[in-house]
Amino acid sequence: MQKGTYQYDNVIFLNRKQNSQTDIKRVLKKRDILIYIGWICASFFIGRVVILEDLAPFGVALYASLSHSSTYSFIYLIPIAIGTLTNSFNLSGVKYTVALLILYVYGQARGVKRKRLSRYERGMAALISIFVANVIFLYIKGFILYNFIIALLESTVAFIMVYIFSHTIDALSKGQKRRILSNEEVICISIFASLIVVGCWDNSIFSISLRNVLSIYLILLSAYLGGAGVGAAIGITVGFILSLAGMSDAVFIGCLGICGLMAGTFKDLGRIISGTAFVIANILTTFYINKSTYTIIPLKDIMASGFLLVITPTHILNYIRQFFDASIIRHRDQIFYIRRMQDMISGRLKEFSRVFNQLSKTFSNIPTETEYSDGSQEVSEIINLIAHEVCSSCSLYKSCWEKEFYITYNSIFKLLTLVEKKGYIEEDDITSQFNIRCYRPYAMVEQVNSIYSMYSTNLKWERQLDECRYLVADQLKGISQVIEELAEEIDIDVHFKREIEDKIRIDLDKRGVRCKDVLVLEKTAGKLEVSIVKKACKGRKECSRLVESVVSHALGRPLMCKNKECIYAGGDECSIYLEEAKKFSIVTGIASRPREPKEPTGDSHSFMELRGGKFMLAISDGMGSGSRAAAESQDVISLLENFMEAGFDLDITVKTINSALILRSGDEMFATADICIVDQVTGYANFVKIGAVSTFIKRENTVDIVRASSLPIGIIEDIDSDREVVKLCDGDMIIMVTDGILDAYQGQFDKDSWLSGIIATKNTKNPQDMADHIMDCALRVGGKGPQDDMTVMVSRVWRSS
């Protein structure tokens, strides 16, 4: 039953597959029919084209090109012959029909039919067929040298046109696959279209020439899509073909070329302006040539062509534009491949992030002895171990542990409770009742102390291992977050600004700066980044002196160089990276004094720029003073700098530093951490204090105080930090101090109020002056010199843009 069902399903699948293949063949067949109809119509109109009043080699050349690209070549022979005869139903028309028949017979020859002829061979076939037909008719009409020269000229034109038509056929027949056309192919297609227009009947509607309208529309379309160069080239080409066909004067060539040039020049202003430029160019050219108000190209024809251009659907124009401008395809492919690379890299990074996050959860979720045990199991194991070591060889073992089990167990449990309180026990701690019942009190005391000491040591190491495990879990979680943020940064929607790039390149060139490459990226939230590669300025600071202002003016928003130092001054080229300028800048002054003149200070500090337009200020005060305190505070600052610069979250950074200080030594070592993260774009400051003293913010008329009461880093496992967010203004000063500054004051007022008064009375905008002033006041009020390491860090915030 199952087998039959499987076969039935398989038959249905095969039937569906066959039906889908049949549908595809039908679609392809319909498309092929439409293509054949289009080429048949084109063959008919090109067969009607006559130049120099009596020459029509274009139909023969087109057949020589088409016959090789199609199995059914005879279907093109008939419309070309009909077109030739409808335009010149006389001996001349018969001549070209004979040339077509010669080509057809040649193409059906056994050796030629299976061979793929080159363009040269097809051109020679067209040349020979027309030359033979001309020779035959020269023999019939009588030999005249002029006619013989015309026959040679016509044969040569046929040879050239085979090359032109071959390029056109290759470009148009593969239109579904092609997206970029060379300049040669564009010219060939324009010649082909011009010949079709010439082959049309010159009908007029309300004195508007259909042939002129189509010709001008072709020029306007080419100029609007391809620009001034393409518009001028197509204009000259169309004018030349029309002049050869005897439909206009030679002046018409130059007029169409100039009009196409002007229309292409103003293409960026829209279709209406481009058409208007065509009209104005026609009027000016007419006035210059014949000083007449009667324009060379009728205004009615231009207006009709302009109307056709305006009503042409935008999606059709965009489709055709890509054939004219190869940079559009390159730009589109560039965005596509960058997006693919972004997706691939971002996906891989997110996979790594999930792996690290899962590892973090795995480490965090492993239960420990202290988590799932209430301690009763350890107590029982300790009592059993004591009983085994002390009582197993005693003669009263059965009496104590069988008859009086609960009394003995309770007595030893009390000893364990006592040793846990005191840390050790002595014989005097044993009760008189237990001493009477136990024959080995000394051994009991010794074993209880020994086993409890071993138990305490094991418990300590277990907790250390648990702390290490939690530290690893936090680190893995932090790495996961950093990788995820990196993936999100890579996965941003990036837009390339080609117009702005060209404007920057031109503006810099006007100022004498030659750029090799300019790249403008628009990221999320409209943020712009600019990358410029230019000739090295040999240390003349062009990047900050000139490039910043030019790029900022071009973009309409302030930008600044990421690297202020010119690190490429010695090379041939330098790369400049600009980002949106920060609204707030920060300048910092430091004053520090050790407790002992010959000893290093135990205070460490740092101020540095972070990613994302942020700035970090930090002070750490190690316990005590001297080299050991200096090492402790330096470790805190160094870890803080590295973690923050790598992009770790501040909470994870603080937890990691705290755990590292606890684990690295059994000694009691700790340090404070006073951190301020300033957002230089918004002006908000995030204060994080761990055991640190107050921070002071000097404003225009007041002094604000940021206080904290948490413990320093390295004392307890679960660190607690005090946070406060403050909005900064232009000219504010952030004063961060260690406890040595505040402890220097021993007066009756509050220490914070004392220092606030010193800050408020000092009128300066220089942060270094403020830091030195505070240090001098603290030393002066202390009297006997520093009683602790003293550090002051003052940062002034000012609006830079």
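Values in this document were obtained by computation on a predicted structure and should not be read as measured data.

(A) Spotlight on the overall build of the chain. Along the backbone of the chain there are 28 helices and 17 strands. The buried share of the chain, taken over its 801 residues, is 43%. In the chain, the proportion of contacts linking residues at least 24 apart, taken out of those at least 6 apart, comes to 69%. For the chain, the accessible surface area stands at approximately 43,900 Å², while carbon and sulfur atoms represent 57% of it.

(B) Molecular detail of the nonpolar core. By size, the foremost hydrophobic cluster in this structure holds 66 residues, and its most contacted members are Phe58, Met161, Phe165, Leu195, Phe278 and Ile297. With 9 residues, helix H9 (residues 210–226) is the single largest residue contributor to this core.

(C) Representation of the sheet that holds strand S12 (residues 684–690) within the structure. Read across the sheet, 5 strands follow the order S9-S10-S11-S12-S15 without closing on themselves; strand pairing throughout is antiparallel. Here the strands that pair on one side only, and so sit at the sheet edges, are strand S9 (603–610) and strand S15 (722–727). Strand-to-strand, the axes of this sheet are offset by a mean angle of 10°, without reference to chain direction. Summarising the sheet, S12 and S15 pair through 6 bridges and their orientation is antiparallel. Considered in S15, the bridge of valine 688 is made with arginine 723. Across the sheet, helix H24 (residues 627–646) is in contact with S9, strand S10 (614–621) and strand S11 (673–679); its angle to S9 comes to roughly 10°.

(D) Layout of the pattern of salt bridges. In total, this model carries 8 salt bridges according to the counting rule given. As a salt-bridge pair, lysine 267 and aspartate 268 come within 3.2 Å of each other at their nearest N and O atoms. Judged by its relative accessible area of 67%, aspartate 268 falls in the exposed class. Of the charged contacts, one joins arginine 699 and aspartate 704 as a salt bridge, the two residues approaching to 2.7 Å between their closest N and O atoms. A single network of salt bridges, built from pairs that share partners, joins Arg699, Asp704 and Asp732.

(E) Quick peek at the packing of aromatic side chains. Summed over the entire model, instances satisfying the criterion amount to 9 aromatic pairs. Seen from their ring centres, phenylalanine 131 and phenylalanine 148 are 5.9 Å apart, and the 70° between their planes marks the pair as edge-to-face. One end of the pair, phenylalanine 131, is in helix H6 (residues 119–141); the other, phenylalanine 148, is in helix H7 (residues 145–173), with 17 residues separating them in the sequence. Exposure remark for phenylalanine 131: the relative accessible area of 24% places this residue in the partly exposed category. An aromatic cluster is built from Trp39, Phe165 and Phe192, whose rings are joined through pairwise contacts. Seen from the ring of tyrosine 684, lysine 727 lies directly overhead, with NZ or CZ sitting 5.0 Å from the centre.

(F) Quick peek at H24. In this model H24 runs 28 Å from its N-terminal to its C-terminal C-alpha over 20 residues, within 8% of the 28 Å that 1.5 Å per residue would give. If you check which residues of H24 are buried, you get Ala629, Ala630, Glu632, Ser633, Val636, Ile637, Leu640, Phe643 and Met644. Immediately downstream of H24, the backbone of glycine 647 shows phi near 100°, a positive value.

(G) A look at the sheet that holds strand S14 (residues 703–706). Strand order across the open sheet formed by 5 strands is S8-S17-S16-S13-S14, with antiparallel pairing between neighbours. The outermost strands of the open sheet, each flanked by one partner alone, are strand S8 (584–593) and S14. Each strand of the sheet is rotated relative to its neighbour by a mean of 20°, with strand direction disregarded. Where strand S13 (residues 695–698) lies against S14, 4 bridges are found, and the strand directions are antiparallel.

(H) Fine view of helix H13 (residues 299–311). Taking 1.5 Å of rise per residue, the 13 residues of H13 would be expected to cover 18 Å, and the 18 Å separating its terminal C-alpha atoms lies within 8% of that figure. Buried within H13 we find Asp301, Ile302, Ser305, Gly306 and Leu309. Within H13, the buried residues cover an arc of 130° as seen down the axis, which keeps them to one side. Seen from the buried face of H13, the exposed residues on the opposite side, beyond 90 degrees, are Met303 and Phe307. If you follow the buried residues of H13, they end up packed against strand S2 (208–209), H9 and helix H12 (271–290).

(I) Structural view of the packing of H9 against H13. Interaxial distance between H9 and H13 falls to 8 Å at its minimum, and their mutual angle equals 50°. In terms of axis orientation, H9 runs oblique to H13. Handedness of the crossing formed by H9 with H13: right-handed. Between H9, through Asn212, Val213, Ile216, Tyr217, Leu220, Leu221 and Tyr224, and H13, the contact on the second element is made entirely by Asp301, Ile302, Ala304, Ser305, Gly306, Leu308 and Leu309. Taken together, the residues of the contact of H9 with H13 break down into 10 nonpolar, 3 polar and 1 charged.

(J) Representation of a nonpolar patch on the surface. Where nonpolar side chains cluster on the molecular surface, the patch consists of Ile258, Met262, Phe266, Leu269, Ile272, Ile273, Phe307, Leu308, Val310 and Ile311 and spans about 880 Å² of accessible area. In terms of residue count, H13 provides more of the nonpolar patch than any other element does, 4 residues in total. With respect to the helices, strands and loops of the structure, isoleucine 258 is situated in helix H11 (residues 251–265).

(K) How the structure looks around the side chain of serine 155. On the secondary structure map, serine 155 appears in helix H7. Residue class for serine 155 comes out buried when judged on its relative accessible area of 2%. Engagement of the side chain of serine 155 in a polar contact is seen with the backbone nitrogen of phenylalanine 131, the distance being 3.4 Å. Those residues in contact with serine 155, other than ones at most four positions away along the chain, are Leu127, Ile130 and Phe131.

(L) Looking closely at the state of the cysteines. What the rule picks out here adds up to 0 disulfides. Cysteine 394 supplies the cysteine sulfur nearest to cysteine 400, a cysteine that is in no disulfide, at a spacing of 6.3 Å. For cysteine 515, which is in no disulfide, the shortest distance to another cysteine sulfur is to cysteine 574 and amounts to 9.2 Å.

(M) Fine view of the confidence of the model for the chain. Per-residue confidence for the chain gives a mean pLDDT of 77; residues scoring 70 or more make up 80%. In the model of the chain, helix H16 (residues 369–372) stands out as the element of lowest mean pLDDT, 46, in contrast to strand S16 (residues 733–737), which has the highest, 94. The low-confidence segment residues 1–28 (pLDDT under 50) makes 0 contacts with residues lying over four places distant or belonging to another chain. Here residues 370–374 is a poorly scored stretch, pLDDT under 50, and it has 6 contacts once near neighbours within four places are set aside; other chains count.

The rules behind these values
Residues numbered from 1 in each chain as written. Predicted model: local features only at pLDDT ≥ 70, side-chain atom pairs only at ≥ 80, totals over all residues. Heavy atoms only, no water. Helix = DSSP H or I, 4+ residues; strand = E, 2+ residues; numbered from the N terminus. Buried < 20%, exposed > 50% of the residue type's maximum accessible area, 1.4 Å probe, protein only. Contact = heavy atoms within 4.5 Å. Areas by Shrake-Rupley, 256 points an atom, 1.4 Å probe, with all protein chains shown as cover. Core = buried A, V, L, I, M, F, W, Y, C linked by side-chain atoms within 4.5 Å. Pairing = 2+ DSSP bridges. Axes fitted to C-alpha atoms, helices over the stretch in contact; angles between N-to-C directions. Salt bridge = Lys/Arg side-chain N within 4 Å of Asp/Glu carboxyl O. Phe/Tyr/Trp six-rings, centres within 6.5 Å; stacked < 30°, edge-to-face > 60°. Lys NZ or Arg CZ within 6 Å of the ring centre and 35° of its normal. Expected span 1.5 Å × (residues − 1). Arc of directions from axis to C-beta. Parallel < 35°, antiparallel > 145°, perpendicular 65-115°, else oblique. Left-handed = near helix turned anticlockwise from the far one by under 90°. Nonpolar A, V, L, I, M, F, W, Y, C, P; charged D, E, K, R; others polar. Patch = residues over 30% accessible without salt bridge, like charges linked within 9 Å, V, L, I, M, F, W, Y side chains within 5 Å. Polar contact = N/O pair within 3.5 Å; in protein donor to acceptor, adjacent residues only side chain to side chain. Disulfide = S-S within 2.5 Å. pLDDT = per-residue confidence, 0-100.

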